[in-house]
There are 2 protein chains.
Amino acid sequence: MGSNSGSRPPVMADVARIAGVSHQTVSRVLNDHPNVRAETRTRVLRAIDELGYRRNLVARALVTKHSRTLGVVSFDTTLYGPASTVYGIERAAREAGYFVSIVSLRTIDRAGVVDAIDYLADQGVDGIVVVAPQASTARALDDLPLGIPVVAVEGGHAGDVSVVSVDQVAGARLAAEHLLGLGHETVSHVRGPSDWLEAEGRVQGWRTVLAEAGRPIPDPLDGDWSPRSGYRAGKRLAAMAGDVTAVFAANDQMALGLLRAFAEEGVRVPEQISVVGFDDIPESEFFTPPLTTIRQDFTAVGRHSLEVLLRQIEAGEPLRPERLVVPPEFVARASAAPAR
Amino acid sequence: MGSNSGSRPPVMADVARIAGVSHQTVSRVLNDHPNVRAETRTRVLRAIDELGYRRNLVARALVTKHSRTLGVVSFDTTLYGPASTVYGIERAAREAGYFVSIVSLRTIDRAGVVDAIDYLADQGVDGIVVVAPQASTARALDDLPLGIPVVAVEGGHAGDVSVVSVDQVAGARLAAEHLLGLGHETVSHVRGPSDWLEAEGRVQGWRTVLAEAGRPIPDPLDGDWSPRSGYRAGKRLAAMAGDVTAVFAANDQMALGLLRAFAEEGVRVPEQISVVGFDDIPESEFFTPPLTTIRQDFTAVGRHSLEVLLRQIEAGEPLRPERLVVPPEFVARASAAPAR
DNA sequence: CCCGCTGTTGTTAGCGCTAACAACAGCCAG
DNA sequence: CTGGCTGTTGTTAGCGCTAACAACAGCGGG
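This section reports on the structure supplied with the text. (Residues numbered from 1 in each chain as written. Chains lettered and ligands numbered in written order. Predicted model: local features only at pLDDT ≥ 70, side-chain atom pairs only at ≥ 80, totals over all residues. Heavy atoms only, no water.)

### Digging into the nonpolar core
Counting 96 residues, the largest nonpolar core has Phe262 of chain A together with Phe262 of chain B as its most contacted members. Among the nonpolar cores identified, the runner-up in size contains 44 residues, and Val164 and Val308 of chain A together with Val131 and Leu310 of chain B belong to it. (Core = buried A, V, L, I, M, F, W, Y, C linked by side-chain atoms within 4.5 Å. Buried < 20%, exposed > 50% of the residue type's maximum accessible area, 1.4 Å probe, protein only.)

Written out as structure tokens, the structure is:
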């Protein structure tokens, strides 16, 4: 089987000749068309096997207008969050019989997103998932070239595209409430970059909890998700040790920077300062001390976004945009302790 | 421009009609064919703009037999190494005008790799990069369905496919030599899973250095790249504290687990035990203490592998397999110190 | 004036597949 | 025996593009 003797790969007509049928009958067998005699079917299958024939999907896509390929646009797939999300999408897509074409953005501007979507649309993808964590990206989705189903991940309240996201506000509430519950007077916050919707949501959840409890609301410190920015914030917070007894970092990497800075300054965690992170990256459990954090189920987000997208593709017509929210989960470890 | 009034998207013939030329002339303009009068060209371009015409790449691929799409097969794109490599590939591919279709493997067996390659070949990709860190994966590449250019990343001495990789042996040597240079009698090793070529290379480099220096070679401890496995190894090593003064972990995550275990057992790093990792993930600099490690330039690996692949694709015929090695780099930080 | 050359454009065929319809055998109802 | 149905197969016409060749104008040389 499959002795592809030298020449060009076999096509449907070759199979048809061997099987003694028309190429259309071969097509019917391949597409599981019901009206094919069982005996004919096996003859065709045998010929396919003998020739090692594989259907040309490009030719198929040309006539069906469906490529069974999905596009994914994501920002910096090196980061744990996007990488896991894309992974979830890819897994779910392949299970559904779709290919996945990815485009990583390195700039944040809306032009980049629009370009990427155009680029994928050119290639003939059947639908696109945009991992759009920045407000600007989310806005770019509002006035799309359209004509092709799009789902946003972490995309805020984008106009008429469906959105799947983790409830950032709820996650931040979990963090702040835990710290307050531990007896801390208030909670400082190292926030993510202001253009990011996730950063915004976390600030909002944190602030709300403090406001509801009638506690003082310290100015949040600026970070950019990197451990280094957390480290810088940590140095500043360490200088205020005594006043500050609890910090909520907007992600685990910044929390790591915080821990490092505190260690250098001799500020003990959690004895003098409690720290809570966000994401639950695989490393967090082994930080010194192990990090109390909020887990986001990125794979679930990827999976759900794909489900929503497929629903739209299979409907064939624009559906009412969906809004799907995945709940975050509190993970207790050793970096947060009761206030003394 | 581009007022796509309701109906189906414009095709080349539509542009031709508007511009008053044949569809073939439109094709010539699009393909930068030299023999087109300048005035005709501008008329065609104007028509394209007016209609918002976009060439159908699927139809083009059908006749040219080139999809300008590359396939990437990778194992667990959630890990930092593969994720960065894929990122480098994707960037380079897009700059060269290629799309990238990815398939993430979750099982390690060769069937998975072969399936993935088949799957991508079906889709009509022009070439494939296989991020194949396991020996079994690398072997799977030896007897490929072939007919399509393939480049392996971290693929060992695979038969007749080109390979791009970081020099693991040299990296491990760097780590072991540094530790020995610090005055340690010998160096323990926490190795990666035995099926991984990278793990193998690191063991080999480490062992060679010790042998050359005539030092005792402790049995390596088994790990699986995860922080948890490093943690378990750390617990065992801590029990031997005093005997063991230096450890080389095969990756940074396991080194993190080591640090955690040592902290729990009250073994101070680097005062009592020096630790060196491998990879230089972004977090390493902020571990407690900051991790001395070996940096791998994953993005460069991705870029190079794409260059090799494109060379093969553009040659149109099988080339002699290339072997490209990227040197690792030693990064000194605080987790390794002179033996007392 | 005819020939052949170059530059520009159009015409035709076909990539490999599916959709739509046509053809035909076998069967049962009337 | 005829009409019409069902199941099975074949024939034809494209999908939207590029490749190959044909056609033709304009030009200079013999």
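### A few points about the protein's contact with DNA strand C
Around DNA strand C, a shell composed of 27 residues is seen, among which Met12, Ser27 and Tyr53 of chain A together with Ser22 and Thr40 of chain B lie nearest. Expressed as a percentage, the sugar and phosphate content of the atoms of DNA strand C within 4 Å of the protein is 61%. Separating a phosphate oxygen of DNA strand C from a side-chain N or O atom of Arg55 of chain A is a distance of 2.9 Å. Elements with a contribution of two residues or more to the surface near DNA strand C: helix H2 (23-30) and helix H4 (57-64) of chain A together with helix H2 (23-30) and helix H4 (57-64) of chain B. Here the surface near DNA strand C takes five residues from H4 of chain A, the largest share from any one element. (Near = heavy atom within 4 Å. Polar contact = N/O pair within 3.5 Å; in protein donor to acceptor, adjacent residues only side chain to side chain. Helix = DSSP H or I, 4+ residues; strand = E, 2+ residues; numbered from the N terminus.)

### Considerations on the relation of the copies chain B and chain A
For the pair chain B and chain A, the relating rotation is 180°, the translation along its axis is 0.0 Å, and the fit reaches an RMSD of 0.1 Å. Each copy turns onto its partner about a two-fold axis. Minimal C-alpha separation from the rotation axis in chain B is found for Ser101 of chain B, amounting to 2.1 Å. (Least-squares fit on C-alpha atoms with pLDDT ≥ 70 in both.)

### Remarks on the packing of aromatic side chains
Applying the stated criterion across every chain, the model contains twelve aromatic pairs over all chains. Consider the rings of Phe75 of chain A and Trp196 of chain A, whose centres lie 5.6 Å apart with planes at 75°: the pair is edge-to-face. Taken together, the residues span a long stretch of sequence, with Phe75 of chain A in strand E1 (residues 69-75) and Trp196 of chain A in the loop between strand E6 (188-191) and helix H9 (197-212) at a distance of 121 residues. Like Phe75 of chain A, the residue Trp196 of chain A is buried in the burial classification. Plain terms: the ring middles of Phe286 of chain A and Tyr231 of chain B are 5.6 Å apart, the flat faces sit at 55° to each other, and that makes the pair tilted. With Phe286 of chain A in the loop between strand E9 (274-276) and strand E10 (293-295) and Tyr231 of chain B in helix H10 (residues 227-239), this residue pair bridges two chains. As far as burial versus exposure is concerned, Phe286 of chain A and Tyr231 of chain B are alike and both buried. Taken together, Phe75, Trp196 and Trp225 of chain A form an aromatic cluster joined through their ring pairs. Cation over ring: Arg202 of chain A sits above Phe278 of chain A, and NZ or CZ is 3.9 Å from the ring centre. Sitting over the ring of Tyr119 of chain A, Arg94 of chain B keeps its end group 5.9 Å from the ring centre. (Phe/Tyr/Trp six-rings, centres within 6.5 Å; stacked < 30°, edge-to-face > 60°. Lys NZ or Arg CZ within 6 Å of the ring centre and 35° of its normal.)

### A short note on the packing of helix H1 (residues 12-19) of chain B against helix H3 (residues 38-51) of chain B
Residue and element names in this part refer to chain B. Closest axis-to-axis distance for the H1/H3 pair is 9 Å, and the angle between their directions is 120°. In terms of orientation, H1 and H3 fall into the oblique class. Here the hand of the crossing between H1 and H3 comes out right-handed. Counting all contacts with H1, which are made through Asp14, Val15, Ile18 and Ala19, the residues of H3 involved are Arg43, Val44, Ala47, Ile48, Glu50 and Leu51. (Axes fitted to C-alpha atoms, helices over the stretch in contact; angles between N-to-C directions. Parallel < 35°, antiparallel > 145°, perpendicular 65-115°, else oblique. Left-handed = near helix turned anticlockwise from the far one by under 90°. Contact = heavy atoms within 4.5 Å.)

### Quick look at unusual backbone geometry
Backbone torsion omega between Thr288 of chain A and Pro289 of chain A reads -5°, so that peptide bond is classified as cis. By the secondary structure assignment, Pro289 of chain A is in the loop between E9 and E10. Although it is not a glycine, Asp76 of chain A adopts a positive phi angle of roughly 40°. Along the polypeptide, Asp76 of chain A turns up in the loop between E1 and helix H5 (80-95). With a phi angle near 80°, Trp225 of chain B is a residue other than glycine that sits in the positive phi range. Inspection of the secondary structure puts Trp225 of chain B in the loop between strand E7 (221-222) and H10.

### Here we look at the pairing of E1 of chain A
Residue and element names in this part refer to chain A. Within E1, seven of the seven residues are buried, which leaves it mostly tucked inside the rest of the structure. Burial along E1 is two-sided: the face carrying Thr69, Gly71, Val73 and Phe75 and the face carrying Leu70, Val72 and Ser74 are both buried. After leaving E1, the chain enters H5 and then returns to the sheet as strand E2 (residues 99-105), a path that is right-handed. Sheet topology note: the E1/strand E3 (residues 127-131) ladder contains five bridges and is parallel. Along E3, the bridge assignment pairs Gly71 with Ile128. (Right-handed = clockwise from strand over helix to strand, strands pointing away. Pairing = 2+ DSSP bridges.)

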